[in-house]
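Residues per chain are reported as follows:
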Amino acid sequence: MPVHTSADLSRSLAEVKGQAQFLLYLADQIEESLEQLDHETEPTQSAFLCKVLGMYSTQLEAKHQGLGDRIAETCQEVYITVREHDLG
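Let me begin by describing the structure that accompanies this report.

Across its full length, the protein chain holds 2 helices and 0 strands. Taken against the 2.2 N^0.38 rule, which gives 12 Å for 88 residues, the C-alpha radius of gyration of the protein chain at 20 Å runs more than 25% over that of a compact globule. Across its three principal axes, the protein chain shows a C-alpha extent of roughly 65 × 20 × 15 Å. Contacts spanning at least 24 positions in sequence make up 72% of the contacts within the protein chain whose residues lie at least 6 apart. Entry remark: accessible area of the protein chain is about 6,500 Å², with carbon and sulfur atoms responsible for 58%.

This part covers the packing of aromatic side chains. Inspection of the entire model under this criterion finds 1 aromatic pair. Here F22 and Y25 contribute two aromatic rings whose centre-to-centre distance is 6.1 Å and whose plane-to-plane angle is 25 degrees, an arrangement assigned as stacked. On the criterion of helical spacing, the pair formed by F22 and Y25 is a turn pair, its members being 3 residues apart in helix 1 (residues 7–39). Judged by its relative accessible area of 31%, F22 is partly exposed. By relative accessible area, Y25 is classed as partly exposed at 40%.

As a further point, take the pattern of salt bridges. Per the counting criterion, the structure on display carries 3 salt bridges. Ionic pairing is found between R11 and D8, a salt bridge with its closest N-O pair at 2.2 Å. Pair noted here: R11 and D8 are both in helix 1, with a separation of 3 residues, about one helical turn. Across the salt bridge formed by R70 and E15, the nearest N and O atoms sit 3.4 Å from each other. On the criterion of sequence distance, the pair formed by R70 in helix 2 (residues 43–87) and E15 in helix 1 is long-range, its members being 55 residues apart. With relative accessibility at 14%, the residue R70 sits in the buried group. Under the relative-accessibility criterion, E15 is labelled partly exposed at 37%. One network of salt bridges, with partners in common, ties together E15, R70 and E73.

Quick notes on the rules
Residues numbered from 1 in each chain as written. Predicted model: local features only at pLDDT ≥ 70, side-chain atom pairs only at ≥ 80, totals over all residues. Heavy atoms only, no water. Helix = DSSP H or I, 4+ residues; strand = E, 2+ residues; numbered from the N terminus. Rg over C-alpha atoms; globule rule 2.2 N^0.38 Å. Contact = heavy atoms within 4.5 Å. Areas by Shrake-Rupley, 256 points an atom, 1.4 Å probe, with all protein chains shown as cover. Phe/Tyr/Trp six-rings, centres within 6.5 Å; stacked < 30°, edge-to-face > 60°. Buried < 20%, exposed > 50% of the residue type's maximum accessible area, 1.4 Å probe, protein only. Salt bridge = Lys/Arg side-chain N within 4 Å of Asp/Glu carboxyl O.

So, to be careful, I would describe these as geometric facts and stop short of saying anything about function.
Spelled out as C-alpha cells, the structure:
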C-alpha cells in the first residue's frame, strides 16, 4: 500500500523545492554578475555590480538558513507520516 502524504506534507515539500529553486537562481545570478565584473572597465558599472553582488549574497545567506529550518520540519513530517503508516 503506498504512503499517502498529507496536504501539509505536500505543501512543505513544495515550499522546500521553491526555496531551493530560488537559491539556485541566486547562485546563478551571483555567477553571472561576477563574470560581468571581471570584464567590466567602467567604474560606475563596476560599483553597481558590486552592490548587486552584495544584495544577492545577503539574500543567499538569509534564504539558505530558512531552507535548512524548512527541510528539518519537512523531514519531521515525513518521519511522522511513515510512522503512522507503519502503525496503521
